[in-house]
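For reference, the chains in residue letters:
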Amino acid sequence: MQNRNPILFLLLSFGLFLLFFTNISFGAITIPVKEVFTSLTGGNASKSSWEYIIIEYRLPKAITAILVGIGLSISGLLMQTLFRNPLAGPYVLGLSSGSSLGVAFVILGAGIVPSFLKSIILSSYGLVLASTLGSTVVLVLVLLVSQRLRDTMSILIVGLMFSSFAGAFVSVLTYFSTAEQLQKFTFWSMGSLGSLSWTSITILSICVFIGLILSILNIKSLNTLLLGENYGKSLGLNFKKSKLLLILATSILTGSITAFAGPIAFIGLAVPHIAKLVFQTSNHSVLFWSTLLLGAIIMLICDSISQLPGSDLTLPINAVTSLFGAPIVIWLLVRKRKMMN
C-alpha cells in the first residue's frame, strides 16, 4: 500500500500544477492555457489585456484559492483528530461565528457610527480587522476555557455555545438593519476569493505558513492522539501543550482565512476524509501532505466551477463548496452506518 503513495503524491502534484493554470484561463474571457503559462513564466501574452487580467485579477485569485484550500483542509484534519470526531471541522471552535459577529457589528451597526468613520470601517481592511478581532476574542475565550477543561469534548461543546451566542447576536443586529446593510453582510457571508490585493495575499500567506509550521511540529502528537488521550499520556505525550498548539494552529489558519475570504463551508470537513479514502491510511505523516494537496486542488476546482467559464456570471464560492461538500458528508455518514451494521 505504501509503495503507491509516491505515485499518488506525484499525480496530485501534477494535477495541482495543471489546475492552477486552467483556473487562471477560465472566466468571462477564456484565455488559452498556453498564453497563461507564457505570461507567468516571464514572457508576454499575445494581448496586453490578457496580461493585465492574468496578473492583476486571476493570479491573485488562484493563489488565494490554494491558500484557503490548504488552510481549511489542514484545520479540519487537526480538529477531527483532536476531538476524534469525523464531523468536526475548522469552524468547530466558534471562530467563524466570532468573525461573523465582528463583521456584523461593522456592517449592520454602521448606523450608529459617525459618518466620517464609515468610509474607513466599511473598507476592505476595516472588515478584515473587524473579522480578525471577532475571531481573536473567541480564540482567547476558548483558550482560557480549555485551560480549565480536561475533556476535549467539553471544549467542543464550548465552541458550539460560542457559535450559538455569536449567531444570536448577529440575528439581533440583522433584525434592526436596513436592506442595504443586509445585502452587504450577505455578500460577505457568501465568501470571496477574488477581492484580495497583493498586500492582503502576503499577510494571508504569512498566517497560513505559521499555522502550517505549528501543525507540522505536531504531526507525531496527532498520531499519538489517535490511540486515545490516556494512552498518549502513557507514551509521554504532553497532552495539554499539544492541545493548545493544535487549537492555536487551527485558530490562526481559520481566523485569517475567514477574515480575508469570508466563511467558506465544507472544505475543512470533507477534504480530510477524501485524503483518508484515497491514501487509505491514518498516519498523519502521509495524511498531512495529502490533505494539503487535495485541499488546494478541490478549492481550485470549486473556484473554476464558480466562474461559469464563458459566462459573465459568477456563483458564490460558498454555494459551490457546499454543493460539493454536502453530498460527501452525507455519503460518509451512510457509509459509516453500513460498516457498523
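From a predicted model like this one, the values you see are computed outputs, not experimental measurements. (Residues numbered from 1 in each chain as written. Predicted model: local features only at pLDDT ≥ 70, side-chain atom pairs only at ≥ 80, totals over all residues. Heavy atoms only, no water.)

**A short note on the overall build of the chain**
Reasoning step 1: When helices and strands are counted, the chain shows 15 helices and zero strands.
Reasoning step 2: Relative to all contacts within the chain whose residues are 6 or more apart in sequence, the contacts with residues 24 or more apart total 76%.
Reasoning step 3: Element-wise, carbon and sulfur atoms account for 69% of the exposed surface of the chain, whose accessible area totals about 16,600 Å².
Reasoning step 4: Taking the 20 positively charged and 8 negatively charged side chains of the chain as two groups, their mean positions are separated by 18 Å. (Helix = DSSP H or I, 4+ residues; strand = E, 2+ residues; numbered from the N terminus. Contact = heavy atoms within 4.5 Å. Areas by Shrake-Rupley, 256 points an atom, 1.4 Å probe, with all protein chains shown as cover. Lys, Arg positive; Asp, Glu negative; His and termini not counted. Charge placed at Lys NZ, Arg CZ, Asp CG, Glu CD.)

**Section: helix H8 (residues 179-189)**
Reasoning step 1: All buried positions along H8 are accounted for by Gln181, Phe185 and Trp188. Buried residues along H8 cover an arc of 55° about the axis, so they all sit on one side. Opposite its buried face, H8 presents the exposed residues Ala179, Glu180 and Phe187, each directed more than 90 degrees away.
Reasoning step 2: Positive backbone phi, at 80°, marks Gly191, one or two positions downstream of H8. (Buried < 20%, exposed > 50% of the residue type's maximum accessible area, 1.4 Å probe, protein only. Arc of directions from axis to C-beta.)

**Re the environment of Gly268**
Reasoning step 1: Summarising the element assignment, Gly268 is placed in helix H13 (residues 267-279).
Reasoning step 2: Residue classification places Gly268 among the buried positions, given a relative accessible area of 2%.
Reasoning step 3: As a C-alpha pair, Gly268 and Gln280 span 12 residues in sequence and 18 Å in three-dimensional space.
Reasoning step 4: Those residues in contact with Gly268 that lie beyond four places of it in its chain are Leu72, Ser73, Gly76, Gln80 and Pro90.

**Overview of the packing of helix H3 (residues 48-82) against H13**
Reasoning step 1: Look at H3 against H13: their axes get within 7 Å of each other, and the N-to-C directions meet at 75°. With respect to H13, the axis of H3 lies roughly perpendicular. From H3, Gly69, Leu72, Ser73, Gly76, Leu77 and Gln80 reach across to H13, where they touch Ile267, Gly268, Leu269, Val271, Pro272, His273 and Lys276. (Axes fitted to C-alpha atoms, helices over the stretch in contact; angles between N-to-C directions. Parallel < 35°, antiparallel > 145°, perpendicular 65-115°, else oblique.)

**A word on helix H12 (residues 239-261)**
Spacing of three or four residues puts side chains on the same side of an α-helix, whose turn is 3.6 residues.
Reasoning step 1: Helix length check: H12, at 23 residues, gives a terminal C-alpha distance of 32 Å against a target of 33 Å (1.5 Å per residue), a fit within 8%.
Reasoning step 2: Buried residues dominate H12, accounting for 17 of its 23 residues.
Reasoning step 3: Gly262 sits one or two positions beyond H12 and adopts a positive phi of about 85°. (Expected span 1.5 Å × (residues − 1).)

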